[in-house]
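# Overview (structure and organization)
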Amino acid sequence: MSRKISILLSLVFVAAFALSACGPKATPTAAPATEAPATEPPAQPVTISWYHITTAENQKAVWTKLADEYMAAHPNVTINITVMENEAFKTKLTTLMQSGEPPDIFQSWGGGVMNQFAEAGLLQDITPALDADGGAWRNTFSPGALGVYAYKGENYGVPWDMGMVGMWYNKTLFAQANIANPPTTWTELIADVTALKAAGITPIATGAGDKWPTAFWWEYLATRLCGQAGFVAAASRTGSFADPCFVEAGNKLVELVDLGAFQDGFLGATWGDEATAMGNGKAAMDLMGQWAPGAYNDNSPDKKGIGDALGFFPFPAVEGGAGGAADGVGGGNGFAIGKNAPPEAIDFVKYLTRAESQVQCAQAGFCVPVVKGGEAGLTDPLLKLVQQGAQAAQYFQLYYDQYLPPAMGSVVNDTVQAIVAKTMTPEQGAQAIEDSAKTEIK
Amino acid sequence: MRKVVKSGRNSHSPRKVQDNLTVFLFLLPAFVLFLVFLVYPIVRSIYFSTFDWNGLGPAVDFIGLDNFKRILTDKIFMKAVGNCLLIVVLSLTLQLPLSLTLAIMVGRDLPGKAFFRTIFFMPYVLSEVITAIIWLGLFNPDPERGFINALLILIPGVKAVPFLGDTHIVLACIFVVLTWKFFGLHMLLYMAGLQNIPREIEEAALIDGANRWKLIRYITIPLLSSTIQTTIWLSVLGSLTQFPLVWIMTKGGPVNASEVMATYMYRYGFVRFWLGYGSAVAVVMLLICLVFSIAYLRLVRQPDYLGGM
């Protein structure tokens, strides 16, 4: 008798468990969409997920404000914003992509990583939206920047920023070391590093723990030494990444390491540590992109960084290199559109890339506008220098770790870290990158 | 109860069937969870480990055992295995003896033992992510930001040390954090074991003329042996599969100096987008842990004198 009851009870428990586990989700789904007439769209609730990596308070506020404005104008649209730190975002995005559930709108740098997502069918082709009304939206962009987000002629995202990596420097510290003008050649740079060392100043901050900040050095040296022809040949497999010019890029980088040019503990340092060193006036130079001044400010106690002491100069020319002194390495930021994004998401991105929005992000100092009219917001003289540098470049190279297939980009970053840690010689490093190119570039 | 069950001599008796049904029903929820969240992922990993697959879209490029061949000839993986083994050895020779010593010291008679127990156990309660971030701050190479270096430079002639940026000492730093984090757990297990040792045995030994050291050597440690075996097992498996502390503090760097198997798996699986290869690494890790567990449980575990842990 009692046994029967116990069986009955256990059945009830199991059933309850099974039911609660398999029950339908509590969120009511919207009524099936009928063909919405264009004139009077019924306010069907739409939720857009948006991942961005603009973490500095004043800059994040710009995105939030734009989203609030859009939601106020479109009451049926809810925009869920997720703000993540750069490295954390890359990790999160990887798992989101592998689960096949991309966010509707998310940070993208274009290039090899985006191409891989596009190839796997995880992104939405927004070319029709760009070309609608005789290409009204497309024509607002500068074509070079827009092209970074195109794969096989189709756009899967749009840019909102395009800048260049260059040398940020602390004028006060340069003056302390009696350096009159920023270096224009590698020889001058080496002389300045020596002078700064002699004055007891850390010449250069870098974050080799995060790898990509230090990889910029190698990429720029390779760009100067191998030129466009050398890189294009290697990347299209008619040439080789083991060529002497790529090895020489490693040698030049080791030259800096041997001089003690980088801050103490740079091998374990992150980009955050690097920005903190610059923002607090503890290092004289930093090779970084257009987002650097904002990050310096954000990583200083008073949020003002080193103020007017901050200057910018292009990466020095390297004597005997095949590349021109005006060639640039860089890239920008954009938003890619996930495969399941509703049309409202594309409309919202259109809103985010209006000239007025671009003016606002330029004023907050975290974008170099890519939309005509946006440059009106570019009041910062340093960012103007960046923009001019990018425009003047005869050959503009997207960051290697974004341009190349992801696995190979990761090998480039790992290898540069190994070169500066001297666990690999520049020859071995160039060979490792070449080996990776053999398997990854098909 | 026991008698009732035994009386059903025939296994096909209705009572027996009912018993089995009850057992089955009670096991079912746990078994379903076990299948879905443990067995299924393992089977999938084994399947994916035979593909060259970037994790996006279906896996089609079957390559057999090539991933495994590559793992076993990869110098960085061997370095990761070596680092894991080093952490295992250090854990067994430093961390566990430290925990045992502390447990014996604060285990019984010390006034305020509850206080010490709480203090020592506190690091274990923190999540590993928080632990890693706290230590990241302590280890900062800049004396104005890193507490340890701030203390170090007070000593005349001592310069700031880039703890996590130096390939030679980074693993030692990681081990310090692992010890700080986990010694409390082992100490607590030992203390629980100590409570189970009957007073009479110790008293008898004392009457027989045993000194404090002999008491520990011949009474306490042998009677704790089952607990010690459990902690060794936990410690070894924990060391072999350690991930969050290492990943957050160093990402396995600089240049793989603190690479462990789990960070290696993550780097290749999720950073380089070689999901097939990453799965193969996971399978290798599983095999290593499985072989250790089975061998350890078969060969080492002695009969339990006190019915402890």
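All of the points below concern the structure found in this document. Here the structure is a predicted model, which means the values were calculated and not measured.

Rules used in this analysis
Residue positions are counted from 1 within each chain, in the order its sequence is given. Whichever chain is written first is A, and whichever ligand is written first is 1; the rest continue in order. The model is predicted, so local features are restricted to residues of pLDDT at least 70 and side-chain atom pairs to those at 80 or more, both for listing and for counting; the totals for chains, interfaces and linings are taken over all residues. To obtain the side-chain values, all non-hydrogen atoms of the structure were used and water was disregarded. Strands here are runs of E lasting at least two residues and helices are runs of H or I lasting at least four, both read from the DSSP assignment and numbered beginning at the N terminus. Throughout, the radius of gyration refers to the C-alpha atoms, and the reference size of a globule is 2.2 Å times the residue count to the power 0.38. Exposure is judged per residue with a 1.4 Å probe applied to protein chains only, and the accessible area is read against the type maximum: over 50% gives exposed, under 20% gives buried, and values in between give partly exposed. Contacts are assigned to residue pairs that have any heavy atoms within 4.5 Å of one another. Only the protein chains shown count as cover for residues, with accessible areas throughout obtained via the Shrake-Rupley method and a probe of 1.4 Å. Here Asp and Glu are counted as negative and Lys and Arg as positive; His is not counted, and neither are the chain ends. By convention, the charge on Lys lies at NZ, on Arg at CZ, on Asp at CG and on Glu at CD. Once two parts are brought into contact, the accessible area they lose, counted with a 1.4 Å probe and summed over both, makes up the buried area. Salt bridges are counted wherever a side-chain nitrogen of Lys or Arg sits within 4 Å of a carboxyl oxygen of Asp or Glu. We treat two strands as partners when DSSP finds at least two bridges between them. Note on disulfides: each one is a pair of cysteine sulfur atoms within 2.5 Å. Put simply, a nonpolar core is a bunch of buried Ala, Val, Leu, Ile, Met, Phe, Trp, Tyr and Cys residues held in one set by side-chain atoms that sit within 4.5 Å of each other. Here a pair means two rings of Phe, Tyr or Trp (six-membered ring of Trp) with centres within 6.5 Å. Their orientation is stacked below 30 degrees between planes, edge-to-face above 60, and tilted elsewhere. Criterion for a charge above a ring: Arg CZ or Lys NZ at most 6 Å from the ring centre, at most 35 degrees from the ring normal. Axis lines are fitted to C-alpha atoms, over the contacting stretch for helices. Their N-to-C directions set the angle, which ranges from 0 to 180 degrees. Each angle gets one of four labels, with under 35 degrees taken as roughly parallel, over 145 as roughly antiparallel, 65 to 115 as roughly perpendicular, and the rest as oblique. Should the near helix be turned anticlockwise from the far one by less than a right angle, the crossing is termed left-handed; should it be turned clockwise, right-handed. Only Asp, Glu, Lys and Arg are considered charged in this grouping, and only Ala, Val, Leu, Ile, Met, Phe, Trp, Tyr, Cys and Pro are considered nonpolar; every other residue, Gly among them, is considered polar.

Time to look at the overall build of chain B. Helices and strands together make up the secondary structure of chain B, namely 14 helices and 0 strands. When the elements of chain B are put in sequence order from the N terminus, they spell out α-α-α-α-α-α-α-α-α-α-α-α-α-α. Taking 2.2 N^0.38 as the reference for a compact globule, 309 residues should give roughly 19 Å; the C-alpha atoms of chain B span a radius of gyration of 25 Å, well beyond that estimate. The dimensions of chain B, computed from C-alpha atoms along their principal axes, are 70 × 65 × 30 Å. Burial statistics for chain B: of 309 residues in total, 41% are counted as buried. Within chain B, residue pairs in contact and separated by at least 24 positions form 67% of the contacts whose partners lie at least 6 positions apart. Surface accessibility of chain B: about 17,000 Å² in total, with carbon and sulfur atoms responsible for 71%. For chain B, the distance from the average site of its 26 positive side-chain charges to the average site of its 16 negative ones is 7 Å.

Moving on, we come to the overall build of chain A. The secondary structure content of chain A amounts to 18 helices and 12 strands. Considered along the principal axes of its C-alpha atoms, chain A spans approximately 90 × 60 × 50 Å. For chain A, the residues scored as buried account for 56% of the 442 residues in total. Counting only carbon and sulfur atoms, one obtains 57% of the accessible surface of chain A, whose full area is about 18,100 Å². On chain A, the mean spot of the 26 positive side-chain charges and the mean spot of the 43 negative ones are 6 Å from each other.

Time to look at the interface of chain A and chain B. With 35 residues of chain A at the interface, the matching set in chain B holds 33 residues. Here chain A packs against chain B, burying approximately 3,000 Å² in sum over the two surfaces, 60% of which is carbon and sulfur. The tally of links between chain A and chain B comes to 5 salt bridges. Among the ionic pairs, glutamate 144 of chain B bridges to lysine 282 of chain A, the shortest N-O distance being 3.1 Å. Tallying contributions element by element places helix α17 (residues 406–420) of chain A first for the side of chain A that touches chain B, with 7 residues.

Another point: unusual backbone geometry. Residues and elements named next belong to chain A. Its identity is not glycine, yet aspartate 133 carries a phi of approximately 55°, on the positive side. Assignment of secondary structure puts aspartate 133 in helix α5 (residues 127–135). The class of aspartate 133 is exposed, set by a relative accessible area of 72%. In this structure, lysine 211 takes a positive phi of about 70° despite not being glycine. Tracing the sequence through the fold places lysine 211 in the loop between β8 (202–204) and α9 (212–235). The exposure class assigned to lysine 211 is buried, which follows from its relative accessible area of 12%.

On to the side chain of arginine 267 of chain B, then. Looking at where arginine 267 of chain B falls in the secondary structure, it is placed in helix α13 (residues 261–271). Residue arginine 267 of chain B is classed as buried on the basis of its relative accessible area of 5%. Ignoring anything within four residues of it in the chain, the contact list for arginine 267 of chain B reads Lys211 and Asp414 of chain A together with Trp247, Lys251, Gly252, Asn256, Glu259 and Arg272 of chain B.

Residues and elements named next belong to chain A. Side-chain alternation along strand β10 (residues 310–313) places Leu310 and Phe312 on one buried face and Gly311 and Phe313 on a second face that is also buried. As paired elements, strand β7 (residues 166–170) and β10 share 4 bridges and run antiparallel to each other. Each bridged residue has a counterpart across the sheet, and for tryptophan 168 the counterpart in β10 is phenylalanine 312.

Residues and elements named next belong to chain A. Most of strand β6 (residues 157–164) sits inside the fold, with 8 of its 8 residues counted as buried. Pairing geometry for β6 and strand β11 (residues 328–337), over 7 bridges, is antiparallel. If you follow glycine 163 over to β11, its bridge partner there is glycine 331.

Our focus in this paragraph is the state of the cysteines. Residues and elements named next belong to chain B. Under the criterion given, the structure shown has 2 disulfides over all chains. The connectivity of the disulfide-linked cysteines in chain A, indexed sequentially, is 1-2, 3-4. Lacking any disulfide linkage, cysteine 84 is separated from the closest cysteine sulfur, that of cysteine 289, by 8.6 Å. We classify cysteine 289 as buried; its relative accessible area is 13%.

Trp168, Trp217, Trp218, Phe246 and Met285 of chain A are the most contacted members of the largest nonpolar core, which totals 144 residues. With 13 residues, the top contributor of residues to this core is α9 of chain A. Not counting the four nearest positions on each side in its chain, phenylalanine 246 of chain A is found in contact with Trp218, Ala222, Cys226, Gly230, Phe231, Ala234, Ser240, Phe241, Tyr400 and Ala430 of chain A. Of all hydrophobic cores here, the second largest spans 41 residues; its members include Ala80, Phe139, Phe182 and Val236 of chain B.

Counted under the stated rule, the structure contains 54 aromatic pairs over all chains. When the ring of phenylalanine 139 of chain B is compared with that of phenylalanine 163 of chain B, the centres are 5.1 Å apart and the planes differ by 45°; the resulting orientation is tilted. On the criterion of sequence distance, the pair formed by phenylalanine 139 of chain B in the loop between α6 (128–138) and α7 (147–152) and phenylalanine 163 of chain B in the loop between α7 and α8 (170–195) is long-range, its members being 24 residues apart. Pair check on accessibility: phenylalanine 139 of chain B and phenylalanine 163 of chain B agree, each one buried. An aromatic cluster is present here, built from Trp50, Trp63, Tyr70, Trp160, Phe335, Phe348, Tyr351 and Phe366 of chain A joined pairwise through their rings. Over the ring of tyrosine 277 of chain B we find arginine 70 of chain B; its NZ or CZ atom is 5.7 Å from the centre of that ring. The cationic tip of arginine 272 of chain B hangs over the ring face of tryptophan 274 of chain B; the distance from NZ or CZ to the ring centre is 5.9 Å.

Quick look at the packing of helix α5 (residues 113–125) of chain B against α8 of chain B now. Residues and elements named next belong to chain B. At a minimum axis separation of 6 Å, α5 and α8 run at an interaxial angle of 130°. Taken together, the axes of α5 and α8 lie oblique to each other. α8 is crossed by α5, and the crossing has left-handed handedness. Only Trp180, Lys181, Phe182, Phe183, Gly184, Leu185, Met187, Leu188 and Met191 of α8 make contact with α5, whose side of the interface consists of Arg117, Phe120, Phe121, Pro123 and Tyr124. Its residues assigned to classes, the contact of α5 with α8 shows 11 nonpolar, 1 polar and 2 charged.

Everything listed here is a matter of geometry and, on its own, says nothing about what the molecule does.
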